[in-house]
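# Structural overview
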Amino acid sequence: MSASRRSGTTDELGPDEPERDGPDGSAGGSEGSAGGSDLLAALLDGMDAALCAFDADGVVTHWNREAERILGWTAAEAVGRHGFAGWAVREADAEEVEGRLMAAMQAPGRQVHEFALLTKDGGRVLVRTQSAAVRGPDGKPAGLYCAFSEVHVQIDLERSIALSEALFEDASWGVVLVDADLRPAVVNAHAARALGIGRTSVLGRPLGELLAQGVEELESALTHVLAEGAPPAPAEIWVSVRTPEGERRRCWRCGFVRLASPLAEEPVPLGVGWLFQDVTEGKQAEQEGAQLRFRTNQLHRAARAAAECEDPAEAATVHLDFALAGFADHALIDRVAGGELLDADTAGSVRLVRVAVTPSGAPGPSLLGGEAGLPVRYGEGHPALRCVARAGSVRADAGDVPAEQARAWAVGRQWPAETVHALCAVLRSRGRTLGVVTFLRGAGRTAFERGDAVYAEGVAVRIASALDLAGALGSKGSRGSEGSRGSDA
């Protein structure tokens with residue numbers, strides 16, 4: 001309990017405690033005065049900081065529970081003592097401490113000091129104090145109050161505040177405080193740049209307005225943290241951010257912490273602290289490395305399997321089947337009608353014969369064909385014909401068009417109807433063009449990129465070698481070409 005002895009100081013801090021006995025020996029004080037005193041006692045004892053007060057003569061008038069907790073002296077033992085000398089401060093330090101405290105009555109504003117106080121059991125506690133004068137009705141100092149706390153507690157608080165300010169100003173990763181409605185409440189500069197919007201513009205807006213993709217996964221993570229607490233490890237979330245140049249796909253490594261009010265008896269969720277760092281470049285490099293290892297392994301496995309094939313044409317389809325895994329949905333091999341072309345012959349009309357194709361229905365091994373030697377009905381400017389003419393890879397896409405137009409685009413080029421991306425790689429062996437291998441992707445895959453073309457060209461070299469050998473041996477894969485050559489003649 002806080003205690004009071006002198007009214008000169010307590011008039012400023014709150015109503016004085018009533019006298020226990022009036023002049024006639026009966027209980028003194030009004031009911032309103034008693035209620036005000038109880039309110040003052042409750043306020044003082046509910047403070048997180050220790051508080052004591054002195055009158056103008058330096059006598060202790062108030063002492064709350066936090067002061068009792070830190071030093072061990074009860075209110076009954078502290079109130080009424082003159083200063084701290086001999087009980088809460090060593091005699092050698094008493095004069096200096098008292099002088100610094102009492103000087104606050106004459107100084108404007110609050111005075112901050114640090115000194116050691118004695119606990120009831122004889123220990124020493126370093127405290128930081130804030131002292132200020134309490135003035136009476138006439139404006140003259142009637143006493144002072146002194147709020148104090150252990151220095152390490154104060155330092156921890158200052159560190160927490162400094163950390164919070166640094167996170168929202170200078171942090172090299174994004175920091176966002178999300179409220180219980182999953183809307184940003186505070187955003188640091190790094191996060192605002194990552195979202196492509198100003199720090200104030202992002203506040204209070206739904207996450208769906210800030211991100212084009214990845215919103216569902218992010219909101220699910222935030223909801224989980226609100227309900228269950230922080231996850232044990234960071235999570236990597238792919239998002240698409242809207243920018244003036246269009247949508248950018250980014251990978252953010254995210255950490256989450258649940259925020260609860262320290263003032264409530266039971267944890268009350270205030271929201272979620274969301275910290276993230278852009279790891280797109282590293283993630284892409286990691287994916288490219290894994291992809292390269294997989295493709296290299298596929299080429300190695302294909303070479304070993306093809307070496308066991310008696311028919312070189314079958315070996316060509318083995319290379320095609322191994323290359324298809326994880327790379328494309330369909331593939332086909334077209335051989336030049338007549339068997340081969342020299343570079344000087346590519347300027348003229350070129351016809352291609354389908355010799356192998358992957359099944360368009362149920363998955364399975366590539367099927368050989370071309371025995372009849374009938375050329376494929378490729379129109380002028382077809383990617384496969386351009387690939388032969390330039391002796392290099394050609395990429396083609398249906399573009400951002402409705403599904404019906406994309407279907408017509410694929411069917412018109414003699415490809416499966418679901419095709420939207422194509423990559424043609426020329427088949428070259430011994431300085432001659434033998435044909436084209438075409439890889440096809442549906443709408444569920446991304447367009448072919450330069451790295452894909454390099455891989456396709458590596459596969460094409462192996463297929464071309466097998467077809468060249470098949471032509472030399474007169475195997476099944478080349479007989480259709482030879483028949484075609486005879487019909488051309």
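First, a word on scope: everything that follows refers to the structure included in this document. As the structure is a computational prediction, the values presented were derived from the model and not from experiment.

## Looking at the overall build of the protein chain
Helix and strand counts for the protein chain come out as 14 helices and 17 strands. The buried share of the protein chain, reckoned over its 489 residues, is 44%. For the protein chain, the proportion of contacts with a sequence separation of at least 24, taken over those separated by at least 6, is 53%. Surface summary for the protein chain: the accessible area is close to 25500 Å², and the carbon and sulfur share equals 52%.

## Section: the nonpolar core
Counting 31 residues, the largest nonpolar core has F327, I333, L427, V437, F439 and I463 as its most contacted members. Looking at this core element by element, the count peaks at nine residues for helix α13 (residues 450-473). Each residue touching F327, except ones within four places of it in the same chain, is listed here: R295, L423, F439, R441, R445, F448, D452, Y455 and A456. Core analysis: the second largest hydrophobic core is formed by 28 residues, C52, I70, V97 and C146 among them.

## Section: the sheet that holds strand β17 (residues 432-442)
The six strands lie next to each other as β14-β13-β12-β17-β16-β15, forming an open sheet whose pairing is antiparallel. Each end of this open sheet is capped by a strand with a single partner; those strands are β14 (367-368) and β15 (394-397). Two elements, strand β12 (residues 330-336) and β17, share six bridges in a ladder whose sense is antiparallel. Bridge pairing in β17 links D334 to V436. Packed onto the sheet, helix α10 (residues 312-324) meets β12, β13 (352-357), β14 and β17 and runs at close to 145° relative to β12.

## Details of empty space enclosed by the protein
A full pass over the atoms with the stated rule returns two cavities of 30 Å³ or more. Size it by volume and the largest cavity reaches roughly 50 Å³. Contributing to the lining of the largest cavity are F54, G58, G83, F84, V97, E98, L101 and M102. Ranked by the residues each element gives to the lining of the largest cavity, the list is headed by helix α5 (residues 91-102), at four residues. Each residue belonging to the lining of the largest cavity can be placed in one class, and the counts come to five nonpolar, two polar and one charged. Approximately 30 Å³ is the volume attributed to the second largest cavity. Looking at the lining of the second largest cavity, its residues break down into six nonpolar, two polar and no charged.

## Thoughts on the layout of surface pockets
When its volume is computed, the largest pocket comes out at roughly 620 Å³. In terms of lining residues, the largest pocket is bounded by 15 residues, among which Q287, E288, Q291, T446 and E449 are the most central. Residue assignment for the lining of the largest pocket shows that the elements contributing at least two residues are α9 (280-306) and α13. For the lining of the largest pocket, the leading source of residues is α9, giving five residues. Broken down by class, the residue content of the lining of the largest pocket amounts to two nonpolar, six polar and seven charged.

## Side note on the sheet that holds strand β4 (residues 124-135)
In spatial order, the strands read β2-β1-β5-β4-β3; together these five strands make up an open sheet with antiparallel pairing. The sheet is open, and its two edges are formed by β2 (60-63) and β3 (111-118), each paired on a single side. Taking each pair of neighbouring strands and ignoring which way they run, the sheet shows an average axis angle of 30°. Here six bridges tie strand β1 (residues 50-55) to strand β5 (residues 141-150), and the two strands are oriented antiparallel to one another.

## Things to note about the environment of A307
Looking at where A307 falls in the secondary structure, it is placed in the loop between α9 and α10. A307 gets classed as exposed once you look at its relative accessible area, which sits at 60%. Residues A307 and V318, spaced eleven residues apart in sequence, show a C-alpha to C-alpha distance of 9.8 Å.

## With respect to the pattern of salt bridges
Within the structure shown, the criterion is met by 19 salt bridges. D278 is paired through a salt bridge with R250; the nearest N and O atoms lie 3.0 Å apart. Here R250 lies in strand β10 (residues 246-260) and D278 lies in strand β11 (residues 269-278), a separation of 28 residues in the sequence. Judged by relative accessible area, which is 34%, D278 ranks as partly exposed. Ionic pairing is found between R441 and D452, a salt bridge with its closest N-O pair at 3.6 Å. One end of the pair, R441, is in strand β17; the other, D452, is in helix α13, with eleven residues separating them in the sequence. Judged by its relative accessible area of 5%, R441 is buried. On the basis of relative accessibility, which here comes to 7%, the residue D452 falls in the buried class. One network of salt bridges, with partners in common, ties together E236, R253, K283 and E286.

Rules used in this analysis
- Residues numbered from 1 in each chain as written.
- Predicted model: local features only at pLDDT ≥ 70, side-chain atom pairs only at ≥ 80, totals over all residues.
- Heavy atoms only, no water.
- Helix = DSSP H or I, 4+ residues; strand = E, 2+ residues; numbered from the N terminus.
- Buried < 20%, exposed > 50% of the residue type's maximum accessible area, 1.4 Å probe, protein only.
- Contact = heavy atoms within 4.5 Å.
- Areas by Shrake-Rupley, 256 points an atom, 1.4 Å probe, with all protein chains shown as cover.
- Core = buried A, V, L, I, M, F, W, Y, C linked by side-chain atoms within 4.5 Å.
- Pairing = 2+ DSSP bridges.
- Axes fitted to C-alpha atoms, helices over the stretch in contact; angles between N-to-C directions.
- 1 Å grid on protein atoms, 1.4 Å probe; cavity = no way out; pocket = protein on both sides within 12 Å on 5 of 7 lines; lining within 4 Å.
- Points joined across faces, edges and corners; volume = space filled by probe spheres on them.
- Nonpolar A, V, L, I, M, F, W, Y, C, P; charged D, E, K, R; others polar.
- Salt bridge = Lys/Arg side-chain N within 4 Å of Asp/Glu carboxyl O.

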